[in-house]
Amino acid sequence: MKAVGLLILAAAGIINDTVSGFQLSIAKRITTTEVTTQLTMTTSTTETDISLSNADHVLFDLPVSNNGARCRIILYKKNISKDQVEIISPMTLGGLKSEEYLKISPQGLMPSLSIQKKDNTYGISSLAESDTIARYLLSEYPNVGPSFLPNHPKSNQICRWHDVYLTSIQGCLYKDSSRLPLGDYADRKSALAAYRKNLMVIEGFLGDNDEESTPYLCGEEVSLADATLFPSAVFANYMLPKFDEDLDNPEAPLPPKLMKWFDNLRKNDEIFSKVYDEIMDPLVNAWEEKNHRWDSIWLAGLRDTAPETLFDMILAGKIPAAIVKEDEHILAFKDINPLAPAHILVIPKDRNGLTALRQATAEHTDILGRLLVAAGEIAKDTSLGFGDGARIVINDGDDGGQEVKHLHVHVLGGRKFEPTFG
């Protein structure tokens, strides 16, 4: 569907080269730190000398990084010194997509860890991915501070579910449409629904007997699940309400047990409160107030406020229609004023801002593809009166002859058309 939808987007003239807003926002906030000592990083193809730190390890991270925050919670809870692990901004290497940083983190993501200690016998000098780094830190410093229960089944289940089903689509909360699709989800609305659904799955892992006032997800002792989930809960608590359909009656951003756990740690655990403040400061002061990030994000700052149309009444069953094709995404029915022996209209069930083709963005790539695929299938249906092909038309705006402000595809056939338009 994506390839077909992209063709329509190109026709609408809305595909532009964009720069990641995330990369720009952090570049504006972070300045390069002064180089002090010598670090050697070895890869399979090159060895590069970069002055950074004398610490045994360098954690490349920024305060706003929720995935990096799980590693910071471990460092703070275990009181690991700066000589053991120093936290440095990726901006010191030129940014997330710089050549030097990509040698450490091939995907150009945060966090990453450079292993610099002299007795490194692991055969690897850098680690990427927050869970890998977190578990390395727990194995490297097992005898100081809390253990974080690295082998606890519930903790590991929550961590795994978080990393596979939440982190992979968390961009729906803050990335613009140029970053779609998100995991298995072609549009923001379906990704947001999946994000909420998987928060409920994690809520279910807590069980029905977790009514005791234990501060952490696995009881009285902090676990890796707490360190993993809490920073993402900061994101969800702040960002999900921006996407509520009814802003006057917002949906709770977290399920009840997770909300109770989150509020307790935020208010009563010094380290979790510190990390909460670390994340929230750039979210509020840079992303929100300075860069107005959500003003241009669909379903947050941008919404479908156009009035309902005739098609909404058909979809609601208030007006009858001769339906010829339907699935969860599209509805196709006979035009009541046909311009050809066979004349079918194909519409998206969820208008989602598509009052006209000119309103299409990357948010709509999937549904645009589905509309054309459905039109092609209908054009092959001889029982509807189609013969050898059809004329498939999208009218756009008043000048284009559009009568209903809900994007629709005309499929006309049953006779031969002239190869001209107008």
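The structure displayed is predicted, hence computed values, not measured ones.

Peer 1: Got a sec to walk through the sheet that holds strand β6 (residues 126-128)? Specific residues and values, please.
Peer 2: Reading across from one edge, β4-β3-β5-β6 is the order of the four strands in this open sheet, with mixed pairing throughout. Looking along the sheet, the strands with just one partner apiece sit at the ends: β4 (85-88) and β6. Between one strand axis and the next, the sheet turns by 20° as a mean value, whatever way the strands run. Pairing between strand β3 (residues 57-60) and strand β5 (residues 112-115): four bridges, direction antiparallel. Bridge pairing in β5 links V58 to S114. Contacts from helix α3 (residues 66-77) reach β3 and β4 within the one sheet, and its direction differs from that of β4 by about 140°. Against the sheet, helix α5 (residues 130-140) contacts β3, β4, β5 and β6, and its axis sits at roughly 130° relative to β6.

Peer 1: Report on unusual backbone geometry, specifying residues and quantitative values.
Peer 2: Between M110 and P111 the backbone carries a cis peptide bond, its omega angle lying at -5°. Note on placement: P111 falls in the loop between α4 (99-104) and β5. For the bond from L180 to P181, the omega torsion is 0°, close enough to zero to count as cis. With respect to the helices and strands, P181 occurs in the loop between α6 (153-166) and α7 (188-205). Phi at F148 is positive, roughly 65°, even though this residue is not glycine. Assignment of secondary structure puts F148 in the loop between α5 and α6. The exposure class of F148 is buried, given its relative accessible area of 0%.

Peer 1: I'd like a description of the packing of aromatic side chains, backed by residues and values.
Peer 2: In total, this model carries 15 aromatic pairs according to the counting rule given. Plain terms: the ring middles of Y122 and Y136 are 5.7 Å apart, the flat faces sit at 85° to each other, and that makes the pair edge-to-face. Taken as a pair, Y122 in the loop between β5 and β6 and Y136 in helix α5 lie far apart in primary sequence, 14 residues in all. Residue Y122 is classed as partly exposed on the basis of its relative accessible area, which comes to 44%.

Peer 1: So what's going on with the pairing of β4? Which residues, and what values?
Peer 2: Pairing of β3 with β4 involves four bridges; the strand directions are parallel. Residue pairing in the sheet places H57 in a bridge with V85 of β4. In terms of handedness, the path from β3 via α3 over to β4 forms a crossover that is right-handed.

Peer 1: Go over the side chain of R391, please, and point to the residues and values.
Peer 2: Looking at the element boundaries, R391 is found in strand β10 (residues 391-393). Within the buried set, R391 has no salt-bridge partner at all; the shortest N-O distance to an opposite charge, 7.9 Å, is to E418. Only 2.5 Å separates the side chain of R391 from the backbone oxygen of E418, close enough to count as a polar contact. What R391 contacts, discounting residues up to four positions off in sequence, is H410, V411, L412, F417, E418, P419, T420 and F421.

Peer 1: Describe the packing of α6 against helix α8 (residues 224-239), naming the residues involved and giving the relevant values.
Peer 2: Orientation of α6 relative to α8, taken along the N-to-C sense of each, is 30°, at an axis distance of 8 Å. The angle between α6 and α8 places the two elements in the roughly parallel class. Between α6 and α8 lies a crossing whose hand is left-handed. When α6 is examined against α8, the residues S155, I158, C159, H162, D163 and L166 are found in contact with a partner set consisting of L224, A225, T228, L229 and S232. Grouping the amino acids of the contact of α6 with α8 by side-chain chemistry returns six nonpolar, four polar and one charged.

Peer 1: I'd like a rundown of the pattern of salt bridges, residues and numbers included.
Peer 2: If you walk through the whole model with that rule in mind, you get 21 salt bridges. Taking the shortest distance from any N to any O, the salt bridge between E288 and K242 comes out at 2.5 Å. Residue E288 is located in helix α10 (residues 270-290), and its partner K242 is located in the loop between α8 and α9 (256-268); the two are separated by 46 residues in the primary sequence. Residue class for E288 comes out partly exposed when judged on its relative accessible area of 21%. One salt bridge in this structure joins D366 and R370, with 2.7 Å as the shortest N-O distance. With D366 and R370 both in helix α12 (residues 365-379) and four residues apart, the pair spans about one turn of that helix. On the accessibility criterion, R370 (24% relative accessible area) is partly exposed.

What counts, and where the lines are drawn
Residues numbered from 1 in each chain as written. Predicted model: local features only at pLDDT ≥ 70, side-chain atom pairs only at ≥ 80, totals over all residues. Heavy atoms only, no water. Pairing = 2+ DSSP bridges. Helix = DSSP H or I, 4+ residues; strand = E, 2+ residues; numbered from the N terminus. Axes fitted to C-alpha atoms, helices over the stretch in contact; angles between N-to-C directions. Contact = heavy atoms within 4.5 Å. Buried < 20%, exposed > 50% of the residue type's maximum accessible area, 1.4 Å probe, protein only. Phe/Tyr/Trp six-rings, centres within 6.5 Å; stacked < 30°, edge-to-face > 60°. Right-handed = clockwise from strand over helix to strand, strands pointing away. Lys, Arg positive; Asp, Glu negative; His and termini not counted. Salt bridge = Lys/Arg side-chain N within 4 Å of Asp/Glu carboxyl O. Polar contact = N/O pair within 3.5 Å; in protein donor to acceptor, adjacent residues only side chain to side chain. Parallel < 35°, antiparallel > 145°, perpendicular 65-115°, else oblique. Left-handed = near helix turned anticlockwise from the far one by under 90°. Nonpolar A, V, L, I, M, F, W, Y, C, P; charged D, E, K, R; others polar.

As far as function goes, none of this settles anything; it's purely spatial.
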